[in-house]
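What follows is each chain in one-letter form.
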Amino acid sequence: MAEIRLENVGHSYDGGATFALNPISLTWKDGNAVALLGPSGCGKTTLLNIISGLLTPSVGRVYFDDVDVTDLDTAKRNVAQVFQFPVLYDTMTVRENLAFPLKNRNVEKDAISARVEEIAELLGISKYLDIRPLKLRSDLQQLVSLGRGLVRKDVPAILFDEPLTVIDQNFKWTLRGRLKEMHNTTRHTLVYVTHDQTEALTFADEVLVLNQGSIVQSGTASDLFLTPEHEFVGFFIGSPGMNFLDGKVFDGAVIVGSTQIGTAESKSPIANGNIRIGIRPEFLSLSTSGNGVAVKINRVENRGGYKLVHADAKEGKYVAKLATDSNFTAGQSAHLEFDSQRTYLFRDSKVCGTVNTKGAK
Ligand SMILES: Nc1ncnc2c1ncn2[C@@H]1O[C@H](COP(=O)(O)OP(=O)(O)OP(=O)(O)O)[C@@H](O)[C@H]1O
Ligand SMILES: [Mg+2]
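Residue positions are given per chain, counted from 1 along the sequence in the order it is written. Each chain gets a letter, beginning with A, and each ligand a number, beginning with 1, in the order they are written. Only residues with pLDDT of at least 70 are given local features in this predicted model, and only at 80 or more are side-chain atom pairs given and counted; all residues enter the totals for whole chains, interfaces and linings.

## Quick look at the overall build of the chain
Right, on to step 1. When its secondary structure is counted, the chain shows 9 helices and 21 strands.
Right, on to step 2. Taken along the three principal axes of its C-alpha coordinates, the chain extends 75 × 45 × 35 Å.
Right, on to step 3. The contact criterion used is a C-beta to C-beta distance within 7 Å, with each C-beta placed from the backbone. Nonlocal contacts in the chain, meaning residues at least 24 apart in sequence, comprise 64% of its contacts between residues at least 6 apart. Counting from the N terminus, the helices are the DSSP runs of H or I reaching at least four residues and the strands are the DSSP runs of E reaching at least two.

Printed below as a string of structure tokens:
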């Protein structure tokens, strides 16, 4: 187990012309489960490979428990890494594949057998132990690969690069639960790369959201949902993501089209001018009376547990997530109501305040 610390670490694949990972500094506490979440190409694998030592960063230093490991190769860093696709030896059985990392470290025979059985049980692959891996389906092969990553207890960190991509959707849930359980007992430092927000949010103590080579926010699942600091987090986290609309701030009043929806609240005064307003569908409600932004309901999606109401205003389109017993219908006129605590103002994509809707005229 180890604390992982990055100091100004960045990487360019083209000699400095562009950075796949812009220089970042961070510390992950020993024993934490951290998820790296972001769209394809945002730099997740680059960051993971820098930690494992497969890639030497163009700039910055990497520390494990205050030891500078930047120039150590992967083997010397002693971390386990599980890749997106299976990496297995087909000259060995599944049992031998699982045992291999332990055998390499001269672990005693009985201890190896016991640990291999334990990991096979955890992953539901006990009955395949004496088969060669390439005879198995690809999802089972990936479980074996995952097992090889998990089998050693003495690694400072385990790094996963989208390990569940090829696993069946239902089993993914089970497996995620088992990994989480395992983490609660072993408290390895886990770094888990994914582009799936559910996977990241259910698995990790801390989620880092990456976009275009930069960390835009890190926090718990609730932080990212309730207090997005960047438009990208509003958009990327949540299902569906945040509603955004263009508005204006004038002498503290927040105006959408010709309607004042509230007053701006912020630590430092917000200059007059254009602004983006963001509100999650969960915090938007509709009323048939009132004088909020006028909308016409375009479509109602009944999702069983809730309804998604799509509404059009002159100024833009909105989605509200309403209780399943709400009875708005397509074609109806209504007014939008914004939750005062959860309506955010963004400038240059960064949050700069909230909207107190109680101040609306
Ligand atoms: N070996 C390489 N040589 C040149 N460019 C690379 C190399 N590996 C990655 N890149 C580029 O660096 C950027 C970040 O790539 P990276 O693989 O880290 O993204 P990722 O977030 O893991 O994406 P994905 O979700 O698709 O796996 C991308 O623009 C990618 O094209
Ligand atoms: Mg990747």
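Text resumes after the structure shown.
## Considering the site of ligand 1
Right, on to step 1. All residues in the neighbourhood of ligand 1 are listed as Tyr13, Ala20, Gly38, Ser40, Gly41, Cys42, Gly43, Lys44, Thr45, Thr46 and His195.
Right, on to step 2. Of the residues that constitute the shell around ligand 1, the class distribution is 3 nonpolar, 7 polar and 1 charged. We count a residue as near a molecule or strand when its backbone-placed C-beta atom lies within 6 Å of that partner. Classification convention: Asp, Glu, Lys, Arg as charged; Ala, Val, Leu, Ile, Met, Phe, Trp, Tyr, Cys, Pro as nonpolar; all other residues, Gly among them, as polar.

## Overview of helix α4 (residues 109–123)
Right, on to step 1. A helix is expected to reach a length of 1.5 Å times the quantity of its residues less one. Across its 15 residues, α4 extends 21 Å between first and last C-alpha, which sits within 8% of the 21 Å expected from 1.5 Å per residue.
Right, on to step 2. We call a residue exposed when 12 or fewer other C-beta atoms sit within 10 Å of its C-beta, buried when the count reaches 20 or more, and partly exposed for counts in between; the C-beta positions come from the backbone. Listed in full, the buried residues belonging to α4 are Ile112, Val116, Ile119, Ala120 and Leu123. Buried positions in α4, seen along its axis, are confined to an arc of 100° and lie on one side of it. Among the exposed residues of α4, those pointing more than 90 degrees away from its buried face are Asp110, Ala111, Ala114 and Glu121.
Right, on to step 3. A positive backbone phi angle near 70° is found at Gly124, which sits one or two residues after α4. Working note: the arc is built from the helix axis to C-beta atom directions.

## Brief notes about the environment of Leu146
Right, on to step 1. Along the polypeptide, Leu146 turns up in helix α5 (residues 138–150).
Right, on to step 2. Linking Leu146 and Leu98, residues 48 residues apart in sequence, is a C-alpha distance of 9.3 Å.
Right, on to step 3. In this structure, Leu146 is in contact with Val82, Leu123 and Pro163, ignoring residues within four places of it in sequence.

## Here we look at the sheet that holds strand β11 (residues 243–250)
Right, on to step 1. Criterion used throughout: strands pair if DSSP finds at least two bridges between them. Around the barrel, 6 strands lie side by side as β11-β12-β13-β21-β20-β14; this closed barrel has antiparallel pairing. Each adjacent strand pair in this sheet contributes to an overall mean axis angle of 45°, direction not counted. Fitted lines through C-alpha atoms give the axes, limited to the stretch in contact for helices. The angle between two N-to-C directions lies from 0 to 180 degrees.

## Remarks on the sheet that holds strand β1 (residues 4–11)
Right, on to step 1. Pairing in this open sheet of 4 strands is antiparallel, and the strands run β2-β1-β4-β5 from one edge to the other. The open sheet has two free edges, formed respectively by β2 (21–28) and β5 (67–68), since each of these has just one partner strand.
Right, on to step 2. As judged from the 2 bridges shared by strand β4 (residues 59–64) and β5, these two strands associate in the antiparallel manner. For Tyr63, the partnering residue across the bridge sits in β5 and is Asp68.

## What about unusual backbone geometry?
Right, on to step 1. In this chain, Ser239 is followed by Pro240 through a cis amide linkage whose omega measures -5°.
Right, on to step 2. Look at Asp65: it is not a glycine, yet its phi comes out positive at around 50°.
Right, on to step 3. If you trace the backbone, Asp65 turns up in the loop between β4 and β5.
Right, on to step 4. Of the residues examined, Asp65 has 12 C-beta atoms within 10 Å and is grouped as exposed.
Right, on to step 5. One non-glycine residue with positive phi stands out, namely Arg187, at about 50°.

## A short note on the domain arrangement of the chain
Right, on to step 1. Domain start and stop positions are those given by an automatic or database domain assignment. Domain boundaries in the chain define domain 1 (4–233) and domain 2 (244–359).
Right, on to step 2. The centre of domain 1, based on its C-alpha atoms, is set 39 Å off from the matching centre of domain 2.
Right, on to step 3. At the junction of the two partners, domain 1 supplies 5 residues and domain 2 supplies 8 residues.

## Structural notes on the packing of α4 against α5
Right, on to step 1. The interhelical angle for the contact between α4 and α5, taken along N-to-C directions, is 135°, at an axis separation of 10 Å. Here α5 runs oblique to α4, going by the angle between their axes. The two elements α4 and α5 meet at a crossing, and its hand is right-handed. Contacts between α4 and α5 involve Ile119, Ala120 and Leu123 on the former and, on the latter, Leu143, Leu146, Gly147 and Leu150. For classification purposes, angles smaller than 35 degrees are called roughly parallel, those larger than 145 roughly antiparallel, those between 65 and 115 roughly perpendicular, and all remaining angles oblique. The sense of a crossing depends on the near helix, which, turned anticlockwise from the far helix by less than a right angle, makes the crossing left-handed and, turned clockwise, makes it right-handed.

## Some words on the packing of helix α3 (residues 94–103) against α4
Right, on to step 1. Packing of α3 against α4 brings their axes to within 10 Å, and their N-to-C directions diverge by 125°. Considering their axes alone, α3 and α4 lie oblique with respect to each other. Note on packing geometry: the crossing formed by α3 with α4 is right-handed. Of the residues in α4, those touching α3 at Arg95, Leu98, Ala99, Leu102 and Lys103 are Ile112, Arg115, Val116, Ile119 and Ala120.
Right, on to step 2. The residue inventory of the contact of α3 with α4, partitioned by class, reads 7 nonpolar, no polar and 3 charged.

## What about helix α6 (residues 169–186)?
Right, on to step 1. Across its 18 residues, α6 extends 26 Å between first and last C-alpha, which sits within 8% of the 26 Å expected from 1.5 Å per residue.
Right, on to step 2. In the stretch just after α6, Arg187 is the one whose phi turns positive, near 50°.

## Structural notes on the environment of Ile51
Right, on to step 1. With respect to the element layout, Ile51 can be found in helix α1 (residues 44–52).
Right, on to step 2. The buried category is assigned to Ile51, around which 24 C-beta atoms lie within 10 Å.
Right, on to step 3. Spatially, the C-alpha atom of Ile51 lies 9.5 Å from that of Val191, the residues being 140 residues apart in sequence.
Right, on to step 4. Sequence-distant contacts of Ile51, defined by excluding residues within four places in its chain, comprise Ile4, Val62, Leu159 and Val191.

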